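Given next are the chains, with one letter for each unit.
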Amino acid sequence: MLELRAVTAGYDKNTPVIRDISLSVAPGESVGLLGPSGCGKSTLARVAALLHRPDAGALVVDGTPVRRWRHRAPREQRTAFGVVFQQARLSADPRLALADLIAEPLRATGRREGVAGRVAELAATVGLTADLLSRRPHEVSDGQLQRACLARALVLRPRWLVCDEMTAMLDASTTAALVRVVEDYRAATGAGLLAVGHDRVLLDRWCDRTVEWATLTGH
Ligand code: ADP
Ligand code: ADP
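Please read these numbers as outputs of a predicted model, since none were measured by experiment.

(A) Examining the nonpolar core more closely. Within the largest apolar cluster, 43 residues are counted, with the highest numbers of intra-cluster contacts made by L98, I102, L128, L150, M166, L193 and W206. Elements with a minimum of two residues in this core: α4 (98-108), α5 (115-126), α6 (130-133), α7 (142-154), β7 (160-164), α8 (172-189), β8 (192-197) and α9 (200-206). Tallying contributions element by element places α7 first for this core, with seven residues. Grouped together as the second largest cluster of nonpolar side chains are 31 residues, V47, L59, F81 and V196 included.

(B) Seen up close, unusual backbone geometry. Of note in the backbone geometry, R70 takes a positive phi value of approximately 55 degrees without being a glycine. With respect to the helices and strands, the residue R70 is situated in the loop between β5 (64-65) and α2 (75-78). Accessibility expressed as a relative area gives 42% for R70, which makes it partly exposed. Of note in this structure, R157 is not a glycine but carries a positive phi near 55 degrees. Within the secondary structure, R157 is located in the loop between α7 and β7.

(C) Expanded view of the site of ligand 1. Neighbouring residues of ligand 1: Y11, V17, P36, S37, G38, C39, G40, K41, S42 and T43. G40 is positioned such that a nitrogen or oxygen atom in its backbone is 3.0 Å from an oxygen atom of ligand 1. Residue T43 places a side-chain N or O atom 2.6 Å away from an oxygen atom belonging to ligand 1. With the chains in place, 52% of the 550 Å² that ligand 1 exposes on its own is no longer accessible. In terms of residues, the shell around ligand 1 owes the most to one element, helix α1 (residues 41-48), which gives three residues. Per-class residue counts for the shell around ligand 1 are four nonpolar, five polar and one charged.

(D) Quick peek at the site of ligand 2. Taken together, L51, R70, H71, R72, F85 and S91 form the complete shell of residues around ligand 2. At a separation of 2.5 Å, an oxygen atom of ligand 2 approaches a polar side-chain atom of R70. H71 places a polar side-chain atom, nitrogen or oxygen, 3.5 Å from an oxygen atom of ligand 2. Contact with the protein chains removes 51% of the 560 Å² of surface that ligand 2 exposes when unbound. The pocket occupied by ligand 2, as judged from atoms lying within 2 Å of grid points, is the largest pocket. For the shell around ligand 2, a count of residues per class yields two nonpolar, two polar and two charged.

(E) Region of interest: the sheet that holds strand β2 (residues 16-25). The strand order across the open sheet formed by four strands is β2-β1-β4-β5, and the pairing between neighbours is antiparallel. Taken across any chain shown, the strands that pair with only one partner, and hence form the sheet edges, are β2 and β5. Here α1 sits on the sheet and contacts β1 (2-10), β2 and β4 (56-61); the angle it forms with β1, its principal contact strand, is near 125 degrees.

(F) Examining the pairing of β8 more closely. Within β8, six of the six residues are buried, leaving the element largely enclosed by the surrounding structure. Residue alternation in β8 divides its side chains into two sets, G192, L194 and V196 and L193, A195 and G197, and both sets are buried. In this sheet, β8 lies alongside strand β3 (residues 30-34) in parallel orientation, the contact comprising five bridges. Within the sheet, the bridge partner assigned to G32 lies in β8 and is A195. Examined bridge by bridge, β7 and β8 share five bridges and lie parallel to one another. Counterpart to C163 in the pairing with β8 is A195. Regarding the hand of the β-α-β motif, the stretch spanning β7, α8 and β8 is right-handed.

(G) View of the packing of α4 against α7. Remark: α4 packs on α7, axes separated minimally by 8 Å, with the N-to-C direction vectors making an angle of 20 degrees. Our classification of the angle between α4 and α7 gives roughly parallel. Like other packed secondary-structure pairs, α4 and α7 cross with a definite hand, here right-handed. Contact residues: L98, L101, I102, E104 and P105 in α4; Q144, L145, A148, A151 and R152 in α7. Partitioned by chemical class, the residues of the contact of α4 with α7 number seven nonpolar, one polar and two charged.

Conventions adopted
- Residues numbered from 1 in each chain as written.
- Chains lettered and ligands numbered in written order.
- Predicted model: local features only at pLDDT ≥ 70, side-chain atom pairs only at ≥ 80, totals over all residues.
- Heavy atoms only, no water.
- Core = buried A, V, L, I, M, F, W, Y, C linked by side-chain atoms within 4.5 Å.
- Buried < 20%, exposed > 50% of the residue type's maximum accessible area, 1.4 Å probe, protein only.
- Helix = DSSP H or I, 4+ residues; strand = E, 2+ residues; numbered from the N terminus.
- Near = heavy atom within 4 Å.
- Polar contact = N/O pair within 3.5 Å; in protein donor to acceptor, adjacent residues only side chain to side chain.
- Areas by Shrake-Rupley, 256 points an atom, 1.4 Å probe, with all protein chains shown as cover.
- Nonpolar A, V, L, I, M, F, W, Y, C, P; charged D, E, K, R; others polar.
- 1 Å grid on protein atoms, 1.4 Å probe; cavity = no way out; pocket = protein on both sides within 12 Å on 5 of 7 lines; lining within 4 Å.
- Sits in = over half its atoms within 2 Å of the grid points.
- Pairing = 2+ DSSP bridges.
- Contact = heavy atoms within 4.5 Å.
- Axes fitted to C-alpha atoms, helices over the stretch in contact; angles between N-to-C directions.
- Right-handed = clockwise from strand over helix to strand, strands pointing away.
- Parallel < 35°, antiparallel > 145°, perpendicular 65-115°, else oblique.
- Left-handed = near helix turned anticlockwise from the far one by under 90°.

Now the structure itself:
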């Protein structure tokens, strides 16, 4: 279970961006979180993925309350999450070839053997050809880069996926392809999903249930 309990968070303590938000995702469940731009969805997604420490409330992952965040979080908690953002170009290291981008979490967790094979396997899964793997982010399209970011998010076989406007920059066919990759992965592994976005049609089609931002606050 992924549980946000009465979470308040922001970028300075006096002006919280999200207040008293509670939301749970059951194991294997997919939950869409729908809200207008600027309401705080990305902030919530970052809290849910251990990337942003809340000012109040708690995040409980598979029964364990999170006490340390970002690089200070224990490895077994960090590696339970795969995260994909809207802004692939901002989050991807511009110096890394796509193959190294995908491999980075493997290397960061000390894996030395079978890295190339695992990268090739994931490239096939997300639909990246071998010639694209040697290119850097500025040498590929938004869709190709987002495919690599999704591969990177899956490379450690996370139990939880957090997708923050993953497809907002993409055309309909690339959107459908990436949603399919996520759903195939979830079907194979039982991973849970929190998908944040503003597109009701997409989230309703993609997720088991869609939650409106407005219903999360003020309880
Ligand atoms: P959404 O994802 O729903 O568009 P965000 O969580 O990105 O919303 O932003 C919510 C609010 O927090 C906005 O007013 C935004 O300007 C502010 N905000 C987001 N990121 C930062 C940041 N790094 N520093 C300060 N304010 C931020
Ligand atoms: P701090 O501000 O706490 O020093 P950093 O900005 O250096 O933290 O990032 C800390 C950790 O957050 C990274 O080691 C990484 O695990 C995680 N992180 C940051 N950005 C991303 C991202 N785009 N995708 C996945 N993990 C990220």
